Amino acid sequence: MKKHFKGISEEQAKSPIYRFTTIDRVCQLFVRRKNILVSPCKWDDPFENMLSRLIVQQGDGQNFKHPLRNRVYAQCWTLTEETDATWRIYVPSGNGVRMKTTVFKLHKSLWDARGAQAKQACYIGKVGYKTEEEIEELFSDKTWILNHLFGSGPDGPVDSLLFKRMAFQPEHEIRLIFLDFFYEGKNNLFEYKINPSDIILDITFDPRVDDSVYETYSSILRQVGYNGKITKSTLYRVPDVKVSV
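Let me sum up the structure you'll find in this document. Bear in mind that the values here come from a model prediction, so they are computed numbers and not experimental data.

1. Some remarks on the overall build of the chain
- Looking only at helices and strands, the chain has 10 helices and 14 strands in total.
- Dimensions of the chain, computed from C-alpha atoms along their principal axes, come out at roughly 85 × 45 × 35 Å.
- Sorting the 245 residues of the chain into buried and exposed places 45% on the buried side.
- Expressed as a percentage of contacts within the chain between residues at least 6 apart in sequence, the contacts between residues at least 24 apart total 83%.
- On the chain, roughly 13300 Å² of surface is accessible, and the fraction owed to carbon and sulfur atoms is 50%.
- Placing the 35 positive and 31 negative side-chain charges of the chain at their respective mean positions leaves the two points 6 Å apart.

Below you can see the structure in the form of C-alpha cells.
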C-alpha cells in the first residue's frame, strides 16, 4: 500500500487532515453513507489535470489520448487546521463545517471499499506547488509526457493531479484519487460506501454559524449516528478580559 501514498511518508500518513464543506453536505454524508469524489473537469483552475487534455500525435499519424483521461476522480483535503481564509475561501456562504480525519484513514476507506481493484485504482498524495513556467516546461518535455502517457501505468494520471501553481500554495492540499477502470462514475462523480463515524474524528462548525443553527445540526448529526466530538470554532470569539484597577 505504501506506493499508493504519493509524497507522503509513513509517519506523515498519521497526520490529521481537514475538509471544509457545507452543513448540508456533511449531513448528506452521514445519511447516505457514501463519500463522493469529483472529476477534475469540474475544477476551476485551467492548469489542473493538463495531462488528460493532451492529444499526442504518434509516428503513424494517429492521435493518442490517455484511456483514463475522463475517468479520474479526486477529493481535496488540507493540512491546514483552521484560518480565517480557509473558512471564507472554502465556504464563502458562512454555513460551513470542518471534518477531521487522517491521511491513512481516508485512504483506507477507499482502499477497503474497492477490494481487489484497490492496488490499481486507489491513491492519496500531497500536492506540490510549481511556477507556471515550471508547469509549462514539464508539458514541453517530450520525454516526461511520453513516460506519463505510455510508461508509468496508473501512476501517470495520478502524478499529473499532484501539482498546482504557486498561487494555490496556502491550500496545503492532500488529494484522494480514484482511477475508474470499469466506468463506475456517473455525471463526473464517483461514490463509494463508507461508515462516516469510522473515518471522521471530529466535526467543527463555522465560527460564523448562529448558535441555534449549531445546536440544531449537532442534534441532527447525533440522530444519524455520529458519536464523535462536535464543536463550534472559537476563531471569532471575543476573549473575556478583566483588568484590575
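Next comes the rest of the account.
2. Describing the pairing of strand β2 (residues 16-22)
- Of all the 7 residues making up β2, 5 are buried; the element is thus mostly covered by neighbouring parts of the structure.
- Across 7 bridges, the pairing between β2 and strand β7 (residues 96-102) is antiparallel. Paired with P16 across the bridge in β7 is T102.

3. Quick word on the packing of aromatic side chains
- A complete count under the given rule lists 10 aromatic pairs for this structure.
- With a centroid separation of 5.3 Å and 75° between ring planes, the pair formed by F205 and Y214 is classed as edge-to-face.
- For Y214, a relative accessible area of 15% puts it in the buried group.
- Counting every residue linked through ring pairs, the aromatic cluster contains Y73, F178, F190 and Y192.
- Taking the ring centre of Y183 as reference, the NZ or CZ of R71 above it sits at 4.0 Å.
- Sitting above the plane of the F168 ring, K164 keeps its charged end 4.2 Å from the centroid.

4. Points about unusual backbone geometry
- We note that R33 has phi near 55°; this positive angle belongs to a residue other than glycine.
- Mapped onto the fold, R33 is located in the loop between α1 (23-32) and β3 (34-38).
- Given a relative accessible area of 37%, R33 falls into the partly exposed group.

5. A closer look at a negative patch on the surface
- Together, E133, E134, E136, E137 and D141 make up a negatively charged patch on the protein surface.
- Note that E136 resides in helix α6 (residues 132-138).
- By relative accessible area, which is 44% here, E136 ends up partly exposed.

6. Overview of the side chain of E173
- Mapped onto the fold, E173 is located in strand β11 (residues 173-179).
- Judged by its relative accessible area of 4%, E173 falls in the buried class.
- Of note is the side chain of E173, whose polar atom sits 3.0 Å from the side chain of K164.
- Not counting residues within four places of it along the chain, the set of residues in contact with E173 comprises C76, W77, T78, G125, K126, V127, Y129 and K164.

7. What to know about the pattern of salt bridges
- A complete count under the given rule lists 19 salt bridges for this structure.
- Taking the shortest distance from any N to any O, the salt bridge between K34 and E191 comes out at 3.9 Å. Linking K34 in strand β3 with E191 in strand β12 (residues 189-193), this pair joins segments that are 157 residues apart in sequence.
- Owing to a relative accessible area of 27%, K34 belongs among the partly exposed residues under this scheme.
- Here R165 and D45 are joined by a salt bridge, their closest N and O atoms 2.6 Å apart. Note that R165 is positioned in strand β10 (residues 163-165) and D45 in the loop between β3 and α2 (50-53), a separation of 120 residues in sequence.
- Note on D45: relative accessible area 7%, which makes it buried.
- Within this structure, E48, K164, E171, E173 and R175 form a network of salt bridges that share partners.

How each quantity is defined
Residues numbered from 1 in each chain as written. Predicted model: local features only at pLDDT ≥ 70, side-chain atom pairs only at ≥ 80, totals over all residues. Heavy atoms only, no water. Helix = DSSP H or I, 4+ residues; strand = E, 2+ residues; numbered from the N terminus. Buried < 20%, exposed > 50% of the residue type's maximum accessible area, 1.4 Å probe, protein only. Contact = heavy atoms within 4.5 Å. Areas by Shrake-Rupley, 256 points an atom, 1.4 Å probe, with all protein chains shown as cover. Lys, Arg positive; Asp, Glu negative; His and termini not counted. Charge placed at Lys NZ, Arg CZ, Asp CG, Glu CD. Pairing = 2+ DSSP bridges. Phe/Tyr/Trp six-rings, centres within 6.5 Å; stacked < 30°, edge-to-face > 60°. Lys NZ or Arg CZ within 6 Å of the ring centre and 35° of its normal. Patch = residues over 30% accessible without salt bridge, like charges linked within 9 Å, V, L, I, M, F, W, Y side chains within 5 Å. Salt bridge = Lys/Arg side-chain N within 4 Å of Asp/Glu carboxyl O. Polar contact = N/O pair within 3.5 Å; in protein donor to acceptor, adjacent residues only side chain to side chain.

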